[in-house]
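Structural features, examined
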Amino acid sequence: MGRPEKIITVTDEITAFAADLRRLRASAGGLTYRQLAQRTHYSHTTLTDATAGRQLPSLPVLLAFVEACGGDCLAWQRRWETLRGNEPARPTVLPAWPEQPAADGAEPESAGCGVDAATLTARKVSQSDRQLLLGQIELRHSPSRHAVWGRFEGYGTLEHLARTQSVEIQVEIIRYSDAARVTARDPFCFDYHWCNMLILDKSPVRAEAMIFVDDRLIGQGATPAWPN
C-alpha cells in the first residue's frame, strides 16, 4: 500500500481545484496514481503534481486525468480556462546552476529558456517488440533564446521496469543544417529527462529519445522535424 496522500488545505481557487480533482479520483473508486498512470500514459509524478495544489496542471494532463476518472472533460476545461485567465503572475524561479549565455550546448534553464519554454511537437515512444508505451519525446523551444532541446517524459510502464532493472534514457537534439547534435544519457530518474540546447537557424530540427534496459535498446522515437 502506498504512502497516504498529503492533506491539502484549501486556501484559494488553485488548491480548491486540486481538492476537487482528488474528490473526482475518489469517486472513480479511489484509483491509485499508478493505475491512473497506466490509463493516462502520464507519469506518477506528473499526476500527483496535478493534485498537489501548487499550480494548475497543463490542460492535456488535466483532460487525461478527468477522462480516466469518468469526469466531464468539457466542464473541467472551462473551469481550467477561467482559472488560467485569473491566475496571478508567479515569481521567477532562478535555475539551480550558474547562468549561461544562449549557445549551442548550453543548459536550457541556465540560459534562461524557462521563461517562455513550450513544446512544439511530441511523439509517443513504445517498446520495439511490444505494443507497450514507454513515454514521449518532446521538442522544446524558447522563442526568446532562439533555442531548442529534447525532453523525455516516462510513463508508468517505464517506472515499473525501472524498479527491477537498470533503465537509462538518452535524449538528443539534432540540427539539420550542419548535422550538429547534443546528447544526454542518464539513469531513469522518475522525472523529466532533457538534453542541452541548440540554437535555431533556418533549417529543421528534431528531438530523439532512446531507452535502454540493462544496456539493451528496447525503444526509440523521434519528433517530426520542425519546421517541416
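As the structure is a prediction and not an experimental result, all values here were calculated from the model.

1. A closer look at the overall build of the chain
Tallying secondary structure elements over the chain gives 6 helices and 9 strands in all. Computed over C-alpha atoms, the radius of gyration of the chain comes to 19 Å, within 12% of the 17 Å expected from 2.2 N^0.38 for 228 residues, which places it in the range of a compact globule. For the chain, the spread of C-alpha atoms along the three principal axes comes to 55 × 45 × 35 Å. Taken across its 228 residues, the chain has 43% of its residues classed as buried. Considering only contacts in the chain between residues 6 or more positions apart, those separated by 24 or more positions represent 55%. Of the accessible surface of the chain, which amounts to about 12,500 Å², a share of 51% is contributed by carbon and sulfur atoms. Here the chain contributes 25 positively and 27 negatively charged side chains, and the mean placements of these two sets differ by 4 Å.

2. Comments concerning the pattern of salt bridges
Under the counting rule described, the total for this entry stands at 11 salt bridges. The salt bridge partner of Asp178 is Arg175, with a shortest N-O separation of 2.9 Å. By relative accessible area, which is 46% here, Asp178 ends up partly exposed. Using a relative accessible area of 7% as the deciding quantity, one classes Arg175 as buried. Within this structure, Asp20, Arg23 and Arg79 form a network of salt bridges that share partners.

3. Regarding the confidence of the model for the chain
On average, residues of the chain score 89 in pLDDT, and 94% of them are at 70 or above. For the chain, per-element mean pLDDT is lowest for helix H6 (residues 156–162), which scores 83, and highest for strand S7 (residues 198–199), which scores 98.

4. Structural notes on the pairing of strand S8 (residues 205–213)
Regular strands place side chains that alternate from one sheet face to the opposite one. Of all 9 residues in S8, 8 are buried, a share of seventy percent or more. Here S8 pairs with strand S9 (residues 216–222) via 6 bridges, running antiparallel. Counted as the bridge partner of Ile211 is Gly219 from S9. Linking two consecutive strands that pair antiparallel, namely S8 and S9, is a turn of 2 residues; a positive phi of about 50° is found at Asp214 within it.

5. As for the nonpolar core
Counting residues in hydrophobic clusters, the biggest one holds 31 residues, and the most contacted among them are Phe152, Leu158, Val167, Ile169, Ile173 and Ile211. Put simply, the parts of the chain that give this core at least two residues each are strand S2 (133–142), strand S3 (147–154), H6, strand S4 (167–175), strand S5 (180–187) and S8. Broken down by element, the residue count for this core peaks at 5 residues, all from S8. Within the second largest apolar cluster, 23 residues are counted, among which are Leu31, Leu62, Phe65 and Leu83.

Reading guide: rules and limits
Residues numbered from 1 in each chain as written. Predicted model: local features only at pLDDT ≥ 70, side-chain atom pairs only at ≥ 80, totals over all residues. Heavy atoms only, no water. Helix = DSSP H or I, 4+ residues; strand = E, 2+ residues; numbered from the N terminus. Rg over C-alpha atoms; globule rule 2.2 N^0.38 Å. Buried < 20%, exposed > 50% of the residue type's maximum accessible area, 1.4 Å probe, protein only. Contact = heavy atoms within 4.5 Å. Areas by Shrake-Rupley, 256 points an atom, 1.4 Å probe, with all protein chains shown as cover. Lys, Arg positive; Asp, Glu negative; His and termini not counted. Charge placed at Lys NZ, Arg CZ, Asp CG, Glu CD. Salt bridge = Lys/Arg side-chain N within 4 Å of Asp/Glu carboxyl O. pLDDT = per-residue confidence, 0-100. Pairing = 2+ DSSP bridges. Core = buried A, V, L, I, M, F, W, Y, C linked by side-chain atoms within 4.5 Å.

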